[in-house]
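Next come the chains, spelled out residue by residue.
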Amino acid sequence: MSETATPILEVRGLRSGYGGVTVLKGLDMDVGNEVFAVLGANGAGKTTLLATLARLIPLQGGTIRFRGNEVSGLPAFETAGRGVGYVPQEKGVFADLSVFENLCVGGMIGQRDRDERMAEVFGLFPDLAALRTQLAGTLSGGESRMLACGRALMQDPKLLLLDEPTAGLSPLYVDMFFEKVREIRATRGVSIILAEQNATKALAVADRVMVLSLGEAFLTEETGSLTTEKLKQGYRI
Amino acid sequence: MNLDWLDAFLIYGFFTIVVVSGLGLLLHLQLGLARIANFGVVGFFGIGMYSFGVLYVKVDWPFGDPWQFLVCIAAGTLAAGLSGVVVGWLVGDLNEDGVLVGTLGFATAVFILATTEKELTGGAQGMGGLQFPYDVGGVKANELLWLVITAAVVGGIVFYVWRVHRSPYGRLLVAVGSNEPLARSLGKPTFRTKLWLFAVTSAGMGLLGAMYGVMERFLRPTNLGVDITLAAMVALVLGGSARVWGAVVGVVLTVGFFDIIVQNYLPVPVEWYSQALPVMREALFGAALILVLMFRPFGILGDMRRDKLMRSLHGD
């Protein structure tokens, strides 16, 4: 770990999947106060990993410790209450609710004043302020991702799980989003796990990287020491 | 009070409109906001009706009306609420199909219990002995007053639903209905939320069932036919399941049209009343449902408009 010796998240022997299928096959990882990128080809298990960490998928084995406490057996809502913010790749907003209400739902937990938190989100994503009464289901792809991210930030998370936040977005939005990841990290000091397909952009903002391959950690190292050759091996190309 | 000018059928017609509107409003909270398709409405309605009836008629209370009546009606409401907790706990984590079958099965079980538990319910022969907790002079006057009281209760339900739409709880229900895993990941105990919703709405359905039983004065299992659930469901979908007034508009257009206009003002042959009219009623409701789903799937009033609500609340 680059910036702190005490990991905020410790994962040991993590096994999970869907029904009888095991996707993650005994994963170990430690995440500190940093941006931790998770790369890998389609089907490598990135989305499964983040959904499992958010406790939306039951564990098949292994343990998850968050801020020193075992959270493996906790339901999703209690894990969120302890400071894990999750931004899913798809369906990340409540389509029937307005932008304002989506942020309110995110702000139902957290200690600070809701309006103060919402002002910070609108400061980070000014476009959302202008759309506050609009239904989330009518937003563009980029606006939806901003809202999903803003809604997770309303929880005042200690760890933010971002699942391919730029998938399917135009290059303009992609650049903007990675800039926002930097800004969130710089201004809030929140730890971030960023699952991404866009390796170049992800490596530019991350401190460390893990490359997943067929549900196993192919490598975990500092971004500066990752070579193209190793990355290609992880992607099996 | 001289009420000769008032047709008894009209009182019953309006009473049915009021009760089904109340059921539709409670169903709106389940289906319109939280997207829970409860096909067992009449089961909770029946629990309230029979709990009240059995306690009122079979138990030897140390006090008389109105306290006996009020205690029994409160107990009927509570019993329906508790049955809602049990059913909600059983179906809360199931998908839409599971909820549909589970709630329908519950309503069927209540119907069978009302038919077979003859010692308690009188079985298919029914159970009499219920009466209004007052006497204001004549059957018709008592029924009219009971209609007004029931309308006031349903008015209270309208107010509750209106408040829910504007409260964080209503927002949470929409969030749970819209995307439950996401709501869970945001720290919301969604199962508990659905359980509480089931408890409150089922209690309301039970209260309406008890009030319906009072108006009938004679409880029969045939009061618990699936037509009650269908009337509430069809009216709600027809009016607009996501809108506060959807159920009321739908009930006026369906039950109102049939039970008031057709039965009281159209020259229908007398022999139709026992067999043909009930069948025609169900066929007409079914046809209305199909047409609405084909041509206006969000109902006559349309889909939920949280954006408009937000603009009206926040003034932008």
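What you see is a predicted model, and the numbers here were worked out from it, not measured in a lab.

Caption draft 1: The arrangement of the pattern of salt bridges in detail. Residues and elements named next belong to chain A. For the structure on display, the rule yields 17 salt bridges over all chains. For R112, the salt bridge identified is with E120, shortest N-O distance 2.8 Å. Look at E120 and you get partly exposed, because its relative accessible area is 33%. Notably, a salt bridge pairs E183 with K180, separated by 3.7 Å at the nearest N-O pair. Linking E183 with K180, this pair stays in helix α7 (residues 171–188), spanning 3 residues, or about one helical turn.

Caption draft 2: Summary view of a nonpolar patch on the surface. Residues and elements named next belong to chain B. A contiguous nonpolar surface patch, about 470 Å² in accessible area, is contributed by F257, I261, Y265, L266 and L284. The element contributing the most residues to the nonpolar patch is helix α11 (residues 246–265), with 3 residues. The class of F257 is partly exposed, set by a relative accessible area of 37%.

Caption draft 3: Region of the structure containing the sheet that holds strand β5 (residues 69–70) of chain A. Residue and element names in this part refer to chain A. Taken in spatial order, the 4 strands line up as β2-β1-β4-β5 in an open sheet, and their pairing is antiparallel. Every other strand in the sheet has two partners, leaving β2 (21–31) and β5 as the edge strands with one partner each. With 8 bridges connecting them, strand β1 (residues 9–18) and β2 associate as antiparallel partners. The partner of G17 across the bridge, within β2, is T22.

Caption draft 4: Here's a closer look at the sheet that holds strand β10 (residues 216–222) of chain A. Residues and elements named next belong to chain A. With mixed pairing, the 6 strands of this open sheet are ordered in space as β6-β7-β8-β3-β9-β10. Both edges of this open sheet fall to β6 (84–87) and β10, since each of them pairs with a single strand only. Strand-to-strand twist in this sheet, taken as the mean axis angle between neighbours without regard to direction, amounts to 15 degrees. With 5 bridges connecting them, strand β3 (residues 35–39) and strand β8 (residues 191–196) associate as parallel partners.

Caption draft 5: Fine view of the packing of aromatic side chains. Residues and elements named next belong to chain B. For the coordinates displayed, the defined rule picks out 14 aromatic pairs over all chains. Between F44 and F106, the aromatic rings sit 4.6 Å apart at their centres with planes inclined by 35 degrees, giving tilted as the arrangement. One end of the pair, F44, is in helix α2 (residues 41–58); the other, F106, is in helix α4 (residues 96–116), with 62 residues separating them in the sequence. With respect to class, F44 is no different from F106; both count as buried. Consider the rings of F52 and Y56, whose centres lie 5.5 Å apart with planes at 25 degrees: the pair is stacked. Here F52 pairs with Y56, and both are found in helix α2, just 4 residues apart, close to one helical turn.

Here is what the cut-offs are and how they apply
- Residues numbered from 1 in each chain as written.
- Chains lettered and ligands numbered in written order.
- Predicted model: local features only at pLDDT ≥ 70, side-chain atom pairs only at ≥ 80, totals over all residues.
- Heavy atoms only, no water.
- Salt bridge = Lys/Arg side-chain N within 4 Å of Asp/Glu carboxyl O.
- Buried < 20%, exposed > 50% of the residue type's maximum accessible area, 1.4 Å probe, protein only.
- Helix = DSSP H or I, 4+ residues; strand = E, 2+ residues; numbered from the N terminus.
- Patch = residues over 30% accessible without salt bridge, like charges linked within 9 Å, V, L, I, M, F, W, Y side chains within 5 Å.
- Areas by Shrake-Rupley, 256 points an atom, 1.4 Å probe, with all protein chains shown as cover.
- Pairing = 2+ DSSP bridges.
- Axes fitted to C-alpha atoms, helices over the stretch in contact; angles between N-to-C directions.
- Phe/Tyr/Trp six-rings, centres within 6.5 Å; stacked < 30°, edge-to-face > 60°.

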